[in-house]
Amino acid sequence: TNEGAWYLGYPRAPGELWTASDRSRRDAEAEVVNLEENVVVKFFYYFLLMAQFVPVSLYVSTSMTRNFQARFMQWDLRMYHAETDTPCVVRTAGLNEELG
């Protein structure tokens, strides 16, 4: 079942071993990696990966900030309407953005 799995190091057929000529042919076919090119590619891979994490953490931090601001608005004793005897009640997370 592993006859074609040369990349796993298995021999091509049962009982057949790797020879020095196979190893030299494999080494000759190997791709030569340029170190500078590899560093630049890895650098951009890092930012591609981080581009997925930053929006999630930014969304979480902004929603937490809105929640804390809403709690502070409800705890503020000066945000009180005396004529109707109504304290501040936050019913939406975007209230602080709507107020300015």
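Residues numbered from 1 in each chain as written. Predicted model: local features only at pLDDT ≥ 70, side-chain atom pairs only at ≥ 80, totals over all residues. Heavy atoms only, no water.

Chemist: Help me out: how do you make sense of the pattern of salt bridges in this one?
Modeler: Once their charged atoms are close, side chains differing in charge can pair, the charge on each being opposite to the other. Scanning the model with the defined rule gives one salt bridge in all. Residues R78 and D76 are paired through a salt bridge, measuring 3.8 Å at the closest nitrogen-oxygen approach. (Salt bridge = Lys/Arg side-chain N within 4 Å of Asp/Glu carboxyl O.)

Chemist: For this particular structure, what's the right way to read helix α2 (residues 35-75)?
Modeler: In an α-helix, one full turn covers 3.6 residues, which means residues spaced three or four apart are oriented alike. Its 41 residues give α2 an end-to-end C-alpha distance of 59 Å, which sits within 8% of 60 Å, the value for a rise of 1.5 Å per residue. Maximal helix bending in α2 amounts to about 25 degrees, located at M50. (Helix = DSSP H or I, 4+ residues; strand = E, 2+ residues; numbered from the N terminus. Expected span 1.5 Å × (residues − 1). Bend = angle between axes of the 7 residues up to and from the residue.)

Chemist: Please clarify how a nonpolar patch on the surface should be interpreted in this entry.
Modeler: Taken together, the side chains of V56, Y59, V60, M64, F68, F72 and W75 present a nonpolar region at the surface, about 850 Å² in accessible area. One can find Y59 in helix α2. (Patch = residues over 30% accessible without salt bridge, like charges linked within 9 Å, V, L, I, M, F, W, Y side chains within 5 Å. Areas by Shrake-Rupley, 256 points an atom, 1.4 Å probe, with all protein chains shown as cover.)

Chemist: Got a minute to help me understand the confidence of the model for the protein chain in this structure?
Modeler: Detailed reading of the predicted model is not advised wherever pLDDT is low. Chain-level statistics for the protein chain give a pLDDT mean of 76 and a share of 66% at 70 or above. For the protein chain, the element scoring lowest by mean pLDDT is helix α1 (residues 20-29), at 60; strand β2 (residues 86-87) scores highest, at 91. (pLDDT = per-residue confidence, 0-100.)

Chemist: Can you help me understand the packing of aromatic side chains in this one?
Modeler: Aromatic ring pairs are defined here through the distance separating the ring centres and the angle between the ring planes. Under the defined criterion, the tally for this structure stands at four aromatic pairs. Aromatic pair Y46 and F47: ring centres 5.5 Å apart, planes at 75 degrees, arrangement edge-to-face. Judged by relative accessible area, which is 48%, Y46 ranks as partly exposed. Assessed through its relative accessible area of 44%, F47 is described here as partly exposed. Relative to W75, the ring of F72 lies with its centre 5.7 Å away and its plane at 75 degrees, an arrangement referred to as edge-to-face. (Phe/Tyr/Trp six-rings, centres within 6.5 Å; stacked < 30°, edge-to-face > 60°. Buried < 20%, exposed > 50% of the residue type's maximum accessible area, 1.4 Å probe, protein only.)

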